Amino acid sequence: MWWLGASVGILLGGALPLLWWWWCRRQCNDGHKGSSAAAVPKGNLGWPLIGETLDFIACGYTSRPVSFMDARKSLYGDVFKTNILGTPIIVSTDPEVNKVVLQNHGSNSFIPAYPKSIRELFGEQSILQTNGPVQKKVHALIGGFLRSPQFKAHITNDIQHSVKLTLESWKGTHRLFLQDETRKMTFQVLVKALMSVGPGDDLEFMKSEFQEFIKGLICLPINFPGTTLYNSLKARERLLKMVKRIVDGRKMEMEMTADGGGKAAPRDAVDVLLGETDEKHLLPLDFVSANILEMMIPGEETVPTAMTLAVKFLSDCPLALNQLTEENLELKKQKEELGDEYSWTDYMSLPFTQNVISETLRMANIINGVWRKALKDVEIKGHLIPKGWCVLASFISVHMDEENYQHPYQFNPWRWEGKGVGVNNNCYTPFGGGQRLCPGLELSRLEISIFLHHLVTTYRWSAEEDDIVYFPTVKMKRKLPITVTPL
Ligand code: HEM
């Protein structure tokens, strides 16, 4: 279908793409120079309209998605230009250049710039697209809430509950698809953290609409009935209606409680975004609803993928699996002896488990890079990113580079020994960096730790042969079938 859509687009587009292509070539080849000697990186913009997209996608279906970047890197250097997914773009595979991009060049030089289909689906108000004071405010509110001790205490219980329920449901079933199972667990936790919706019809509705919604995240930007983008936008409308109902109801509830005096601690992200007491800074209700919906995107796909890939990597590395199991059995024994409840810190202070998670995130590259657009001419390490150009800071290229990691394709949790969970440097950015560093970082690590703890202390498994696919999003080709046996 994708290829069909692309061909029809090219035929229907006629002369327009050719003109556009000529314009882009001019833009890129006229040797745009900034105020100094910095030059626009070298590269190739490929075919009209589709640019080098086909090559980019083809690499995403192999076990070495980074080969697209590697091939160009060897021809043009660490920073080069190309044209993918309808966007002429400068790609950086250099950790230092990526750092400057993530830190927004110290000021307001870059804004997020995702492909057209993603932009339409996010909506204009999404934190992932906004810039300046509004993004800072929402980021601070959500980050503060997700890091608060109250949230950590109750979300630990919620995650445990969800993980245990799912693991119990495996009793009697021997073969299951891990990718589907992890998604069930995490969606429930995410919806609870964002808007306190528990199991029931509303959750089931959201789950199925959300699946339709995210299908459009990376697709051709063609929007008419029957296309992926169209169906996805319709699912977004239905979801937004439900989120609005929840937000409106909560606002009324808050007003009534305020009349009765007293302000309760926030239960979820809806409470946090509605909780502003200063009239001048109140966030509009539509803005809150849209942001809650869009926050489901970074949280939904990412965590279950990380869990599934952790199991895949561990299945292929028995030595790591043994050490992880020993560490977790030891914690379980201690907890049983003391008759204690598990806390957030119990899970987060298991050193080898955290190393397994760090290594999984390095190799999984769930978010393979971030897209930005330059608001002005920006020079970094002798490269010029002209005003209006997009730049892709490629994390996957850095994570899989021999220069940064010895044997980068080898799953080696021991390489993280002594580095701790706070590791985030230029060469390790699974959660991004700078002012947009993922606010769900600790929550994600916690969810994965709880899942791994209960999995390895309850079951043994054997995984069937399966491959990782990197396009349009990272996932297992066969959803990782495993056969479990209770311990
Ligand atoms: C393994 C799991 C996850 C990974 C790898 C991940 C990765 C990332 C990355 C790379 C960014 C930066 C995007 C950019 O700079 O444009 C980001 C941003 C974000 N993430 Fe996560 N994320 C994960 C889980 C979560 C979870 C569970 C939540 C929960 C709500 C979440 C919420 C967000 C939000 C709201 C932003 C936008 C921050 C901003 O622009 O200010 N993420 N994430």
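Residues numbered from 1 in each chain as written. Predicted model: local features only at pLDDT ≥ 70, side-chain atom pairs only at ≥ 80, totals over all residues.

Quick word on the nonpolar core
What counts here: Each nonpolar core comprises buried Ala, Val, Leu, Ile, Met, Phe, Trp, Tyr and Cys residues, the members being joined through C-beta atoms within 7 Å. Counting other C-beta atoms within 10 Å of its own, a residue is labelled buried from 20 upward, exposed at 12 or fewer, and partly exposed in the gap between, with every C-beta atom placed from the backbone. Numbering goes from the N terminus for both helices and strands, where a helix is a DSSP run of H or I of at least four residues and a strand is a run of E of at least two. In this description, any two residues whose backbone-derived C-beta atoms lie within 7 Å of each other are considered to be in contact.
In this structure, L194, A269, I292, A306 and A310 are the most contacted members of the largest nonpolar core, which totals 68 residues. A total of 9 residues in this core trace back to one element, the largest contributor, which is helix α9 (residues 178-195). The residues touching A310, leaving out its near neighbours within four places in the chain, are V356, I357, T360, I448 and L452. Core analysis: the next-biggest nonpolar cluster, separate from the first, contains 39 residues, V79, V97, V370 and V398 among them.

A few points about the pairing of strand β8 (residues 390-394)
Threshold: Being paired, for any two strands, means DSSP has found at least two bridges between them.
A large share of β8 lies buried, amounting to 5 of its 5 residues. Residues C390, L392 and S394 point to one face of β8 and V391 and A393 to the other, with burial holding for every one of them. Two elements, strand β2 (residues 87-92) and β8, share 4 bridges in a ladder whose sense is parallel. Bridge pairing in β8 places V91 opposite L392. When strand β5 (residues 369-374) meets β8, the two strands line up antiparallel, connected through 5 bridges. Residue pairing in the sheet places W371 in a bridge with L392 of β8.

Topic: the site of the ligand
Stated formally: Whether a residue is near a molecule or strand depends on its C-beta atom, placed from the backbone, lying within 6 Å of it. Classification used: nonpolar for Ala, Val, Leu, Ile, Met, Phe, Trp, Tyr, Cys and Pro, charged for Asp, Glu, Lys and Arg, polar for all others including Gly.
Around the ligand, 24 residues are found, and the nearest of them are G299, T302, G432, C438 and G440. Looking at the shell around the ligand, the elements that each hand over two or more residues are α7 (133-147), α13 (285-300), α14 (302-315) and α19 (441-456). Of the residues assigned to the shell around the ligand, the class counts are 16 nonpolar, 7 polar and 1 charged.

Let's talk about the UniProt feature "binding site: heme" (unreviewed entry) in the chain
Definition in use: UniProt positions are given in the numbering used here, feature names are shortened, and annotations may be inferred rather than shown by experiment.
With numbering aligned to this structure, UniProt lists the feature "binding site: heme" (unreviewed entry) at C438. Its place among the elements puts C438 in the loop between α18 (395-399) and α19. Its 21 C-beta neighbours within 10 Å are what place C438 among the buried residues. Not counting the four nearest positions on each side in its chain, C438 is found in contact with P298, F431 and G432.

What about the pairing of β5?
Of all 6 residues that make up β5, 5 are buried, and the element is covered over most of its length. Bridge analysis of strand β3 (residues 110-112) against β5 gives 3 bridges, and the strand direction is antiparallel. Note on β5: the bridge partner recorded for I111 is K373.

Let's talk about the environment of P266
Relative to the elements of secondary structure, P266 occurs in the loop between α11 (228-259) and α12 (269-274). Take P266: there are 18 C-beta atoms within 10 Å of it, and that puts it in the partly exposed class. For the pair P266 and Q150, spaced 116 residues apart in sequence, the C-alpha separation works out to 8.9 Å. P266 has contacts with F145, D271, V272 and G275, leaving out every residue within four places of it along the chain.

Concerning the sheet that holds β8
Applied cut-off: Working convention: axes come from line fits to C-alpha atoms, limited for helices to the stretch in contact. Angles between N-to-C directions cover 0 to 180 degrees.
The sheet built from 5 strands is open, its strands ordered β1-β2-β8-β5-β3 with mixed pairing. The two strands at the open ends of the sheet, each matched to only one other strand, are β1 (79-84) and β3. Each strand axis lies, on average, 35° off the axis of its neighbour in the sheet, ignoring direction.

Describing unusual backbone geometry
You will see that N365, though not glycine, has its phi angle at about 45°, which is positive. Within the secondary structure layout, N365 lies in the loop between α17 (351-364) and β5. The exposure class of N365 is buried, given the 22 C-beta atoms found within 10 Å. A positive phi angle, near 45°, is found at H407, a position not held by glycine.

Focus: the sheet that holds strand β4 (residues 175-177)
The strand order β4-β12-β9 describes an open sheet built from 3 strands, whose pairing is antiparallel. Both outer strands of the open sheet, β4 and β9 (459-463), are each paired with one neighbouring strand and no more. On average, each strand axis in the sheet is inclined to that of its neighbour by 35°, with strand direction left out of account. Across 5 bridges, the pairing between β9 and strand β12 (residues 481-486) is antiparallel. Its bridge partner being in β12, W461 is matched across the sheet by V484.

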